[in-house]
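Okay, here's what each chain looks like letter by letter:
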Amino acid sequence: MIQHNSVRLAEGLYCYVWQGRGNNCHTVLLPSVLRGERPHVLIDPGHVRNELGESCFDSLTQAMEKNGFKMEDIGLVIGTHSHPDHVEATELVVEKSGALFALSREEDEFYRTMGKMFFQAFGGKPPQVNPFFYLKEGDLSLGAKDNKVAIRVFFTPGHSPGSISLYLEEEKMLISGDVVFAGSVGRTDFPGGSPSLLRKSIEELSQLDVEYLVAGHSTEMGNIIVGQDKVRRNFYTVKTFF
Ligand SMILES: [Zn+2]
């Protein structure tokens, strides 16, 4: 059963909004940006199966297929952070496609120590994948010359020690992982969390010119915030109340 709602955003980017009853993250697909045979980039593939036994990965695979995209054609998986509900399915994507995996060095170090225990605590199996490269703060340019996606990587710890957020400059799209949500912020009571670092990270992100804010999870207030004014108001709210 497909439990992801596929939302086509600017320039043909897709957000797969999780709509199941249990927990899972939203996934973003950047289609046809890499050179070579596996041109798609997948950000936060999510759970394989969540706490209610919902088949999150099968749902994502089918939702993508409905849009004409195959898991086999993913060339790169990016993890905003290493929590199970964001990257557990990485191993399956890599198995199907041979995709490379990237996250921040800080998050990889956390994953290798405390982060892995997180999976065990939630009854899951930590994915056996090694990052091919580390995402550093600054510009990341993907793709061929005439089809480049300019991404700015922001190091935004607080929810997890090595969380990153991705800003697509041309589309003015911010993919914030679990740093900021519609009307809320990420939890800081998990291992390695820090409220003061989270506040600093949110302050930094709030300076950006954002038209689409794609958060890692839905809240009662929504999932994707569209429009500069609404995004600005959302940052104002979270900075005021959290
Ligand atoms: Zn998380």
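Report follows, based on the coordinates.

Conventions and cut-offs
Residues numbered from 1 in each chain as written. Predicted model: local features only at pLDDT ≥ 70, side-chain atom pairs only at ≥ 80, totals over all residues. Heavy atoms only, no water. Core = buried A, V, L, I, M, F, W, Y, C linked by side-chain atoms within 4.5 Å. Buried < 20%, exposed > 50% of the residue type's maximum accessible area, 1.4 Å probe, protein only. Contact = heavy atoms within 4.5 Å. Phe/Tyr/Trp six-rings, centres within 6.5 Å; stacked < 30°, edge-to-face > 60°. Pairing = 2+ DSSP bridges. Helix = DSSP H or I, 4+ residues; strand = E, 2+ residues; numbered from the N terminus. Axes fitted to C-alpha atoms, helices over the stretch in contact; angles between N-to-C directions. Salt bridge = Lys/Arg side-chain N within 4 Å of Asp/Glu carboxyl O. Donors = N, O, S within 2.8 Å, 3.2 Å for Na, K, Ca; no water. Tetrahedral: all angles 85-135°; square planar, octahedral: opposite > 155°, others 65-115°. Right-handed = clockwise from strand over helix to strand, strands pointing away.

**Digging into the nonpolar core**
Ranked by size, the top nonpolar core spans 28 residues in total, and within it L30, V41 and I78 carry the most contacts. Not counting residues within four places of it along the chain, the set of residues in contact with I78 comprises V41, L42, I43, D44, A102, L135, L140, I164 and L166.

**Regarding the packing of aromatic side chains**
For the coordinates displayed, the defined rule picks out 5 aromatic pairs. An aromatic cluster is present here, built from Y14, Y16 and F69 joined pairwise through their rings.

**Points about the sheet that holds strand β3 (residues 27–30)**
Spatial ordering of the open sheet is given by β1-β2-β3-β4-β5-β6-β7, a layout of 7 strands whose pairing is mixed. Each having just a single partner strand, β1 (4–9) and β7 (133–134) make up the two edges of the open sheet. Where strand β4 (residues 40–43) and strand β5 (residues 74–78) come together, 4 bridges link them in parallel fashion. Counterpart to V41 in the pairing with β5 is L76. Relative to strand β2 (residues 13–18), helix α1 (residues 56–66) is tilted by about 145°, and along the sheet it contacts β1, β2, β3, β4 and β5.

**Examining the pattern of salt bridges**
This structure, assessed with the given rule, holds 7 salt bridges. The partner of E91 in a salt bridge is K125, with the nearest N and O atoms 3.7 Å apart. Pair noted here: E91 is in helix α3 (residues 90–97) and K125 is in the loop between α4 (105–121) and β7, with a separation of 34 residues, a long-range link. Close ionic contact of K172 with D209 constitutes a salt bridge, the shortest N to O distance being 3.0 Å. Placement of K172 in the loop between β10 (164–168) and β11 (173–177) and of D209 in the loop between α5 (195–205) and β14 (212–219) is noted, with a sequence separation of 37 residues between them. The exposure class assigned to K172 is partly exposed, which follows from its relative accessible area of 31%. Among the residues examined, D209 registers a relative accessible area of 34% and is labelled partly exposed.

**Focus on the coordination of the zinc ion**
Binding of the zinc ion to the protein goes through H81 (NE2), H83 (ND1), H159 (NE2) and D178 (OD), at separations of 2.2 to 2.5 Å. Note that the zinc ion binds 4 donor atoms; their angles at the metal cover 87 to 174°, and the shape is irregular. Positions of the donor residues of the zinc ion along the chain correspond to the pattern H-x1-H-x75-H-x18-D. Of the two residues, H81 is situated in the loop between β5 and α2 (84–87) and H159 in the loop between β9 (149–155) and β10; the sequence distance between them amounts to 78 residues. For the pair formed by H81 and H159, the shared burial category is buried.

**Some details on the pairing of β5**
Of all 5 residues that make up β5, 5 are buried, and the element is covered over most of its length. For the handedness criterion, the β-α-β arrangement of β4, α1 and β5 is classed as right-handed. With 3 bridges connecting them, β5 and strand β6 (residues 100–103) associate as parallel partners. Along β6, the bridge assignment pairs L76 with L100.

**Here we look at the sheet that holds strand β15 (residues 222–226)**
With mixed pairing, the 6 strands of this open sheet are ordered in space as β8-β9-β10-β11-β14-β15. On the outer flanks of this sheet lie β8 (138–142) and β15, each paired with one strand and no other. The mean inter-strand angle of the sheet, taken between neighbouring strand axes irrespective of direction, is 25°. The pairing of β8 with β9 spans 5 bridges and is antiparallel. Bridging from a neighbouring strand, L142 pairs with V149 of β9. Lying on the sheet, α5 is in contact with β9, β10 and β11; it crosses β9 at an angle near 150°.

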